[in-house]
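# Observations on the model geometry
In case you want the letters, here they are:
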Amino acid sequence: MSNRLLVLLSGLLLVSALVSYVYYRRTVAQQPVDLWALVPDDAVLVAATRDHPTLVRHLKETQLWDNLATLRYFQQVEENVALADSLGSTRNSVLSFLGRKNVLTSVHVTGPRSFDVLFLVPVGSVREHRQIRTLVEALGRDARYRLGTRSYHGQELTTITPRQGGGLTYFNYRNTLVISANATLVEAVVRRTEHEGQPSIAAEFGNTDYLRLKDVDAMLLVNYRQLPPFLGVFFQPALRPDFEYLASIGDKSLLQMKLSANRVVFNGFTNPERARGSLHQRLQNQPADRLRMAEVLSTRTALLLHVAANPAALRAALPTDTTARRLVDSLATTLDAEAALCYLAVSSPRAVPARLAVVRTHNAARTALWLGQLRRATGTSPSFELYGAYQLYQNGVPRLAQRLLGPLFAPVGNGGAPATALVGNYLVLADDAAALRVYLTDVAAGRLWTNSPTQVALLEETTPVARLSVVLDTRNSWNVLLRALVEDRRAGLLRNEALLQRFPQIALQFAPADNGQYYTQWVLRHPPVGPAVASLQGNGGVGSSLSFKAGLAGLGPVLLPAPVPSRPPSVLVQDRSGALHYVTPDNTVGWSDTLGGALVSPPALLPGAFGRRPGLLLSTANRVFLLDEQGRSAPNFPLNLPDTVQAESVGGAPAADGQPARVLVADRFANLFLFDARGNAPAGWQPKRLDFALGAPPQLLRVGGRDVVVCLLQNGYIFAYDILGNALPGFPISLGARLHTQAFVEAGPTLRRTRLTVVNQHAELVTFTLSGEVVQRRRLTTWSRSSSFRLVADQDQQSYAVVRDDGQGRTTVLDAAGRILADRRFVTSGEKPVQLFRFGARRALVITEPGPAKAYLFDTQSRLVGGEPFDSSAPTVGLTYDAGANAYQLYRVVGNELRRLVLKMD
């Protein structure tokens, strides 16, 4: 009986445990976790990201990825990601795992000279749990790593340690991975999980989620109370009070991040710091204003702290400083509500930064009067130095800028001989007369912000009015930053110079908002460099553009084969100055080549021109180029045609069957030039003169080891020549009607089995062989005297369509059987370029109307995609299809922009 009771109790306990486990998995573990509630309160910065593939693409398109790759910490993350990818089952497994998860990355100060990063990553499925377990088990089998586990407050922490040191610690909290290289940060999260319901670090911002907005790449929380300790990791301890005072403008900020062309923009709102004595308390109720003093700021400015506030609000009582107090107070009454602390560039890190205080006056004459009385009261010499129209006076009142404008303007160190000057309506005070001399020299020479297009562009892109603005020029401030850094951080700054110089202009602004918060904007900007400036795709990968300074020529975008089918192709475009630009899949200009003239036809691919790699064959009016994918010219190229030649087309045949690569050029007078890759011309091609105008560019074919040149003439005759310039047997062929089309080629091993198809102006589809036989002739549709017909092959030369223009604005596209693929009447009556694209069973047609610059895209069912045409100022577009993403990419030229658009159709 007792045994039965024991078995029954054991069964009940097992069932109870199973029910508890199922309840946990189904109820507790499935409840969503507020990631923000897991972040420890001492976080300095917290970044929230969601669409990681788009974010990575944007970083690459703006070339930020290459700059970030120089950071040592980023390199370590890249190495860990590469390792995880190598152990994973698929390529880019880490990026695929992150996908569109809401991931938090927080930065924490973990020591007087150190900081670490914490990652919070949701795990959304059993499959993802299996991926993590597989990765950890693979690391456990790798001799380079040691795996260990330990218990902390009831949670199992896993440690992965490389043999050479370092490593990371992680644990899984309700389907959320908590990961950090610093175990104390993971432990801090464990302790937070024991007190559910406590407010999160972002609780003051409620349910604000900028990631739901269009084109937002990330969201950033800034904790200003923790900002001074974080800056103290990098900068000299003497600067800590200044950091604390400036950071007291706010408590926390929540900002959205947008990568936009040549800028990174953060904007959002800041909750003010309400502690007594904070900078916000001093600036409260002060009106925001624009940066009026740009007209007197030197282009040598390295750092500007601009405050729109009445000096009375900034001033603090200095009971020990009684020198000419009544005169100083009287001078203060002449000052207006705009002041700034300005640091000038110095030539060496060992030099003391030149520092100025600039403040606007109500009345410059009254200010000059009180300054004169101060000089007399302190026994200062009335003599002055003249710089242009500006006078520099010595100043005998110690700490005058601080007494007028508050603790932010307190002098650093002993300084030299203080001085003052009036520049327009602004009073300029310097701790050292030498700094003021440098400044006045720049002002007298007109080296001012308002005269600098770069500075004007920055001011136009920042907030019009603000209460506090911080503007940094990283080029001018380089030596200032080196001096301010602690010794062990200077080498890091030098290593990461490229990243800092990437954004030479940085502006942080706080403007009062109606809800009691500050509207905050942080702009990192670099002046446009290179031939083009990129704009970005949206969050859904909707589109991107590359704007060329010189504008783009009428040649449409030429897509080059991608080495990996899933990768976007590279693109060739030419600008109006004649330069050819190679645009990488990441939407950046890889190289440019000034060809000296406009291309006469789209570039052609010449297989095997550089070993196994194809070459780009292109021609201007009298020069032929052969370039590789890096823009390097092939030996013996470019080929120079006679000055009297005006080339109209270029084609080529690769080296094969013992025959060298050949190049065929046709000019506007139906003269044909044939060369091999060394520039040699056969005897019968110097040049080959035709008796009638060409109906289409001649085609150079290689059949059974023989080179054949096929020429379609407008009068309806077709010629085929061998390498010696002799007509092949059976040629010429007369089609009995005029021709305005190219031939569709079905290659065969012999002349007899190589078939070409053309359409004449009587709507007859004619197929013939290179042995001179017409094997098929049939009428495709009706024709009239005003109509014209041409044949259009697809991008791979595997199929074709026939285009009929009726001469009255209607364009009809037919397949080889005469079925209508597209039929539309247009506003204009000119010829419309037509392109056919095939991707397996999928088909797309593009009809471009050059007059209004519109491109009409039709899908497999002959429906107009989007219901309206796309803008396109070139006669052709490019189109690719990504089977994995089930998406098309449309490339087009619009004005001076190369645009890429991702489409879903069919």
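Cut-offs used in this document
- Residues numbered from 1 in each chain as written.
- Predicted model: local features only at pLDDT ≥ 70, side-chain atom pairs only at ≥ 80, totals over all residues.
- Heavy atoms only, no water.
- Helix = DSSP H or I, 4+ residues; strand = E, 2+ residues; numbered from the N terminus.
- Buried < 20%, exposed > 50% of the residue type's maximum accessible area, 1.4 Å probe, protein only.
- Contact = heavy atoms within 4.5 Å.
- Areas by Shrake-Rupley, 256 points an atom, 1.4 Å probe, with all protein chains shown as cover.
- Pairing = 2+ DSSP bridges.
- Axes fitted to C-alpha atoms, helices over the stretch in contact; angles between N-to-C directions.
- Phe/Tyr/Trp six-rings, centres within 6.5 Å; stacked < 30°, edge-to-face > 60°.
- Salt bridge = Lys/Arg side-chain N within 4 Å of Asp/Glu carboxyl O.
- Core = buried A, V, L, I, M, F, W, Y, C linked by side-chain atoms within 4.5 Å.
- pLDDT = per-residue confidence, 0-100.
- Polar contact = N/O pair within 3.5 Å; in protein donor to acceptor, adjacent residues only side chain to side chain.
- Parallel < 35°, antiparallel > 145°, perpendicular 65-115°, else oblique.
- Left-handed = near helix turned anticlockwise from the far one by under 90°.

### Side note on the overall build of the protein chain
For the protein chain, the count of helices and strands is 20 helices and 53 strands. Within the protein chain, the fraction of its 906 residues that count as buried is 50%. Put simply, of all contacts in the protein chain between residues at least 6 apart along the chain, 54% involve residues at least 24 apart. For the protein chain, the accessible surface area stands at approximately 41500 Å², while carbon and sulfur atoms represent 53% of it.

### Quick word on the sheet that holds strand β42 (residues 774-779)
In spatial order, the strands read β39-β40-β41-β42; together these four strands make up an open sheet with antiparallel pairing. Each of the sheet's edge strands pairs with one partner strand only, and the pair in question is β39 (744-746) and β42. Direction aside, neighbouring strands of the sheet carry axes that sit 15 degrees apart on average. Inspection of the sheet shows strand β40 (residues 755-759) paired to strand β41 (residues 764-769) by five bridges, in the antiparallel sense. The residue bridging L756 from the neighbouring strand is F768, located in β41.

### Examining the packing of aromatic side chains
Using the criterion set out here, one finds 18 aromatic pairs in the structure. Taking 5.5 Å as the distance between ring centres and 80 degrees as the angle between the ring planes, the aromatic pair formed by F115 and F230 counts as edge-to-face. Of this pair, F115 sits in strand β3 (residues 114-122) while F230 sits in helix α9 (residues 227-232), and the two are 115 residues apart along the sequence. On the basis of relative accessible area, F115 is assigned to the partly exposed category, the value being 26%. In this structure F230 comes out as buried when scored by relative accessible area, which is 14%. Here W685 and Y721 contribute two aromatic rings whose centre-to-centre distance is 6.0 Å and whose plane-to-plane angle is 90 degrees, an arrangement assigned as edge-to-face. Taken together, the positions of W685 in the loop between β33 (671-676) and β34 (688-689) and Y721 in strand β37 (residues 717-721) put the pair 36 residues apart, joining distant regions of the chain. By relative accessible area, which is 1% here, W685 ends up buried. On the accessibility criterion, Y721 (7% relative accessible area) is buried.

### Observations concerning the pattern of salt bridges
Taken as a whole and assessed by the stated rule, the structure comprises 40 salt bridges. In this structure, the salt-bridge partner of D209 is R50, at a minimum N-O distance of 2.9 Å. A residue pair is termed long-range when its members are at least 10 positions apart, and D209 in the loop between α8 (183-193) and β8 (218-223) and R50 in the loop between β1 (43-49) and α3 (52-61) qualify at 159 residues. Here D823 ties to R810 by a salt bridge, and the two come within 3.0 Å at their closest N and O atoms. Of the two residues, D823 is situated in strand β46 (residues 820-825) and R810 in strand β45 (residues 810-814); the sequence distance between them amounts to 13 residues. Overall, D823 belongs to the partly exposed group, its relative accessible area being 39%. Salt bridges here are not isolated pairs; linked through shared partners, they connect E204, R225, D251, K252 and E273.

### Quick notes on the nonpolar core
Soluble, globular proteins show a tendency: their nonpolar side chains are buried together. V264, L283, L404, L405, F409 and L429 are the most contacted members of the largest nonpolar core, which has 64 residues in total. With sequence-adjacent residues up to four places away left out, L283 is seen in contact with I249, V307, A309, L314, R467, L468 and Y518. Core analysis: the next-biggest nonpolar cluster, separate from the first, contains 31 residues, A294, L297, L344 and Y387 among them.

### What about the environment of F610?
Positionally, F610 belongs in strand β27 (residues 604-610). Residues F610 and A634, spaced 24 residues apart in sequence, show a C-alpha to C-alpha distance of 7.6 Å.

### Description of the sheet that holds strand β30 (residues 639-640)
Ordered by their spatial adjacency, four strands build an open sheet running β27-β28-β29-β30, and the pairing between neighbours is antiparallel. The sheet is open, and its two borders are formed by β27 and β30, each paired with just one other strand. Looking at chain direction, strand β29 (residues 623-627) and β30 are connected through two bridges and run antiparallel. Note that in β30 the partner of R623 across the bridge is N640.

### Digging into the pairing of strand β13 (residues 354-361)
Of all eight residues that make up β13, eight are buried, and the element is covered over most of its length. Here β13 shows two buried faces, one formed by A354, L356, V358 and R360 and the other by R355, A357, V359 and T361. Relative to β13, strand β12 (residues 335-344) runs antiparallel, the two being bridged by seven bridges. The partner of L341 across the bridge, within β13, is A357. Pairing geometry for β13 and strand β17 (residues 426-430), over five bridges, is antiparallel. Each residue of the ladder has a partner; that of R360, found in β17, is Y426.

### Concerning the confidence of the model for the protein chain
Averaged over every residue, the pLDDT of the protein chain is 86; residues scoring 70 or more account for 90%. Looking at the elements of the protein chain, mean pLDDT is at its lowest for helix α1 (residues 2-28), recorded as 44, and at its highest for β8, recorded as 96. The low-confidence segment residues 537-541, where pLDDT is below 50, has 25 contacts with residues more than four positions distant or belonging to other chains.

### Digging into the side chain of R174
Assignment of secondary structure puts R174 in the loop between β6 (168-172) and β7 (176-180). On the basis of relative accessible area, R174 is assigned to the buried category, the value being 14%. A polar atom in the side chain of R174 sits 3.4 Å from the side chain of E196.

### Observations regarding the packing of helix α13 (residues 325-332) against helix α14 (residues 364-378)
The contact between α13 and α14 brings their axes to 9 Å, and the two run at 165 degrees. With respect to each other, α13 and α14 are oriented roughly antiparallel. Along this stretch, α13 crosses α14, giving a crossing that reads as left-handed. In this structure, α13 uses L327, V328, S330 and L331 to contact α14, whose residues at the interface are T367, W370, L371, Q373, L374 and A377.

### Some words on helix α10 (residues 240-247)
Residues of α10 that are buried: F243, Y245 and A247. Taken together, the buried residues of α10 touch α9, β9 (250-260) and α11 (279-283).

### Considering the pairing of β6
For a regular strand, side-chain orientation follows a simple rule: the groups alternate between the two sheet faces. Pairing geometry for strand β5 (residues 155-162) and β6, over three bridges, is antiparallel. Among the inter-strand pairings, I160 is bridged to a residue of β6, identified as L168. The antiparallel hairpin formed by β5 and β6 contains five residues in its connecting segment, where G165 sits at a positive phi of about 110 degrees. As paired elements, β6 and β7 share four bridges and run antiparallel to each other. Within β7, the position partnered with N172 by the bridge is L177. Taking the residues that link successive antiparallel strands as the turn, the β6-β7 hairpin has three residues, and the phi of R174 there is positive, at about 50 degrees.

### Some thoughts on the environment of Q798
Take Q798: it is sitting in the loop between β43 (788-793) and β44 (800-805). Under the relative-accessibility criterion, Q798 is labelled exposed at 63%. Sequence separation between Q798 and V745 is 53 residues, and the spatial gap between their C-alpha atoms is 8.7 Å. At a separation of 3.1 Å, a polar atom in the side chain of Q798 contacts the main-chain carbonyl oxygen of D796.

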